[in-house]
Amino acid sequence: MTIFQSRFRLAALLLAAPLVFASCKKDKDEPTPDEDNEQITTVTYVLTPTGGGAAATVTWRDVDGTGGNAPTIGTLNLRPNTTYTGAITLLDETKNPVVNTSEEIAKEKDEHLFVYTPTPASLLAITRTDTDSKNLPVGLVTRLVTNAAGTGSLVVTLRHQPGTKDGTAGPGDTDVEVTFPVTVQ
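- Looking at an unreviewed UniProt entry, the protein carries the name Type 1 periplasmic binding fold superfamily protein, with the source organism given as Hymenobacter monticola.

This is how it looks when you write it as structure tokens:
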């Protein structure tokens, strides 16, 4: 091997080295993984009669999540022919300190919609009274009106609709869905 060939190989090696190291360098634009989505372990619905009287509170709680122990579910006891102001609160009790997921939903109103479905439909009527920046309903705050005495259930569903919210339950995914037994007496 001549000195010329040796210098040529050395020069080629020195020119190629930065390319090798650059290809091993971590890309600065590589996205970092998001924190896990919040779990919703507790749903509490508080209904205060507009004419006065004690509030009715019902709670669904599943601290160990899906697939663990069965959730605890309260019964919603209401008076007939009464109007209530409702407020719903969602918590993630797997975190320390506990995360109030309702606060995050309030900040992201344009992406969330609560859907309230009573069965039978004649048992009560619920109107969502809060709205987002597009004047679409949210449902963190409600007005509930009962009819005559009876029993049934109330399904509460939180729909996550980023970029697709149109005021209906259709678009998006379900963040949580709970069913409360209801007694109107």
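Some remarks on the packing of aromatic side chains
Line of reasoning, step 1. According to the stated counting rule, one finds 2 aromatic pairs in the structure shown.
Line of reasoning, step 2. Through a chain of ring-to-ring contacts, the aromatic side chains of Tyr45, Phe114 and Tyr116 assemble into a single cluster.

Overview of the side chain of Thr157
Line of reasoning, step 1. For Thr157, the position within the fold is in strand 10 (residues 150-160).
Line of reasoning, step 2. In this structure, Thr157 is in contact with Leu113, Phe114, Val115, Thr174, Val176 and Glu177, ignoring residues within four places of it in sequence.

Things to note about the nonpolar core
As a rule of thumb, nonpolar side chains are buried together in soluble globular proteins.
Line of reasoning, step 1. Within the largest apolar cluster, 28 residues are counted, with the highest numbers of intra-cluster contacts made by Val43, Leu78, Ile88, Leu90 and Phe114.
Line of reasoning, step 2. Of all the secondary-structure elements, those providing two or more residues to this core are strand 1 (42-49), strand 2 (56-61), strand 4 (76-78), strand 5 (83-92), strand 7 (112-119), strand 10 and strand 11 (173-184).
Line of reasoning, step 3. It is strand 11 that contributes the most residues to this core, 5 residues altogether.
Line of reasoning, step 4. If we skip the residues at most four places from it in the chain, Ile88 touches Val43, Thr44, Tyr45, Ser102, Phe114, Tyr116, Gly139, Leu140 and Val156.

With respect to the sheet that holds strand 11
Line of reasoning, step 1. Across the sheet, which stays open at both edges, the 4 strands sit in the order 4-11-10-7 with mixed pairing between neighbours. Edge strands, defined here as strands with exactly one partner in the open sheet, are strand 4 and strand 7. Shown here is a sheet whose adjacent strand axes are inclined to one another by a mean of 25 degrees, direction ignored.
Line of reasoning, step 2. Two strands pair when backbone bridges link them, and strand 4 and strand 11 are joined in this way by 3 bridges, in the parallel orientation. Within the sheet, the bridge partner assigned to Leu76 lies in strand 11 and is Val182.

Concerning the environment of Leu158
Line of reasoning, step 1. Along the chain, Leu158 turns up in strand 10.
Line of reasoning, step 2. You can call Leu158 buried: its relative accessible area is 1%.
Line of reasoning, step 3. In this structure, the C-alpha to C-alpha distance between Leu158 and Tyr116, residues 42 residues apart in sequence, is 9.0 Å.
Line of reasoning, step 4. Among all residues touching Leu158, those that are not within four sequence positions of it are Ile40, Leu90, Ile105, His112, Leu113, Phe114, Asp173, Thr174, Asp175 and Val176.

Definitions and limits used
Residues numbered from 1 in each chain as written. Predicted model: local features only at pLDDT ≥ 70, side-chain atom pairs only at ≥ 80, totals over all residues. Heavy atoms only, no water. Phe/Tyr/Trp six-rings, centres within 6.5 Å; stacked < 30°, edge-to-face > 60°. Helix = DSSP H or I, 4+ residues; strand = E, 2+ residues; numbered from the N terminus. Contact = heavy atoms within 4.5 Å. Core = buried A, V, L, I, M, F, W, Y, C linked by side-chain atoms within 4.5 Å. Buried < 20%, exposed > 50% of the residue type's maximum accessible area, 1.4 Å probe, protein only. Pairing = 2+ DSSP bridges. Axes fitted to C-alpha atoms, helices over the stretch in contact; angles between N-to-C directions.

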